[in-house]
Amino acid sequence: MKYTGPVYRPPFEDGSLLLQATVGCSHNSCTFCSMYRDVPFQVESMEQIEQDLLETREKRPWYKRVFLLGGDAFTLDAARLKEIARKGFALLDIPISEEDIACIAQESALSPQLMQENCFNLAYRVVDSAERKATHQLIEVAFFDTAENYRHYNDTVQQVLEGPARGRSRRKQYRLKDGSVCDIYALLLVSISASPPILKFSLDEISRRMSNVLAHGEALPNRLGLSNIVRHIEKIIKNSIPDLDTVDWKRNTLYILDPFLLFYLRWGRNWRLPKAG
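Not measured: the values here are computed from a predicted model.

Engineer: Describe in detail the overall build of the protein chain, supporting the description with residues and values.
Structural biologist: For the protein chain, the count of helices and strands is 10 helices and nine strands. Once the C-alpha set of the protein chain is aligned to its principal axes, its extents read approximately 65 × 55 × 30 Å. Out of the 277 residues belonging to the protein chain, those deemed buried represent 48%. Total accessible area computed for the protein chain in this model is approximately 14800 Å², and 51% of it derives from carbon and sulfur atoms. Mean positive and mean negative side-chain charge positions of the protein chain (36 and 35 charges, respectively) differ by 7 Å.

Written out as structure tokens, the structure reads:
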């Protein structure tokens, strides 16, 4: 295994294989941090990553989880994440299509941590399956498994669903195509969690997604009212998770800064809307 410079293992990754994906930090200018001060930043070559994976399979086959090392593994682009997944599944002798690898990368929102968790959970499900290959159904099950690791977001989601106490009883109820009913706060969460997963929503995109989930004949919220609701939700989320960069509402655009929050909204089982009676 190749390691360059200091190696930092998060406490919750004590049983994980440490795979060097990047070296140093691409920013490396924070005045409060000296972790990688003397380590020039670089992205590890795919040849070295493949060599490390082969060595692990031959000498350390007991590892069931991989943690991507480096001060800025998030700088990896979609192509690099797909290639790591492609080689990893090949070494495990798990057949998987390019379409399915692209799906996992898209759902992971370019987050190396989500990518590795989704790949691990999929590999675990495949090994326990009769077909011993990746399928769309197993991939979805793997996504649900990964979302369980982020169920702490459920408290924040419930606060958003409740919305401000003022005017709660007078909120308009909307009927959705799936038969559920909800108010504007839930409608916004349902809309931004719809497919495809993205991290930037203009006001027009939010309205378009709402029209896709609303039942026929249901009127869209007006733009001013919708903008105010997004601003309220931004405040609720930031107050609920003050120590993380989660969302930003700027110039009529909603930015999801936390890919784990978006992933939980899409795959978390703990928040679902009631069906109409």
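This is not the end of the story, as more comes after the structure.
Engineer: Explain the state of the cysteines residue by residue, including any values.
Structural biologist: Applying the stated criterion to the full structure yields zero disulfides. Its sulfur unpaired, Cys103 is 11 Å from the next cysteine sulfur, which belongs to Cys119. Overall, the relative accessible area of 28% leaves Cys103 in the partly exposed class.

Engineer: Any details on the nonpolar core? Residues and values, ideally.
Structural biologist: Nonpolar side chains in soluble globular proteins tend to end up buried together. Counting residues in each nonpolar core, the largest one holds 62 residues, and the members touching the most others are Leu122, Leu187, Ile206 and Leu254. In contact with Ile206, not counting residues within four places along its chain, are Leu188, Phe201, Leu226, Val230, Trp249 and Leu254. Counting residues in hydrophobic clusters, the runner-up holds eight residues, among them Met46, Leu68, Ile84 and Leu91.

Engineer: Account for the sheet that holds strand 9 (residues 253-256), with residues named and values stated.
Structural biologist: In space, the three strands of this open sheet follow the order 7-9-8, with antiparallel pairing throughout. In the strand order of this sheet, the two ends are held by strand 7 (200-202) and strand 8 (247-250), each with one partner. Across the sheet, the mean angle from the axis of one strand to that of its neighbour is 15°, orientation sign disregarded. Bridge count between strand 8 and strand 9: four bridges; the pairing is antiparallel. Bridging across to strand 9, Trp249 finds its partner in Leu254.

Engineer: An account of the packing of aromatic side chains is requested, with residue identities and associated values reported.
Structural biologist: Tallying each qualifying case throughout the model produces eight aromatic pairs. Note on Phe143 and Phe263: the rings are 6.0 Å apart at their centroids and 90° apart in plane angle, and the pair reads as edge-to-face. Of this pair, Phe143 sits in helix 5 (residues 136-148) while Phe263 sits in helix 10 (residues 259-267), placing them 120 residues apart in sequence. Phe263 shares its class with Phe143; the two are buried.

What counts, and where the lines are drawn
- Residues numbered from 1 in each chain as written.
- Predicted model: local features only at pLDDT ≥ 70, side-chain atom pairs only at ≥ 80, totals over all residues.
- Heavy atoms only, no water.
- Helix = DSSP H or I, 4+ residues; strand = E, 2+ residues; numbered from the N terminus.
- Buried < 20%, exposed > 50% of the residue type's maximum accessible area, 1.4 Å probe, protein only.
- Areas by Shrake-Rupley, 256 points an atom, 1.4 Å probe, with all protein chains shown as cover.
- Lys, Arg positive; Asp, Glu negative; His and termini not counted.
- Charge placed at Lys NZ, Arg CZ, Asp CG, Glu CD.
- Disulfide = S-S within 2.5 Å.
- Core = buried A, V, L, I, M, F, W, Y, C linked by side-chain atoms within 4.5 Å.
- Contact = heavy atoms within 4.5 Å.
- Pairing = 2+ DSSP bridges.
- Axes fitted to C-alpha atoms, helices over the stretch in contact; angles between N-to-C directions.
- Phe/Tyr/Trp six-rings, centres within 6.5 Å; stacked < 30°, edge-to-face > 60°.

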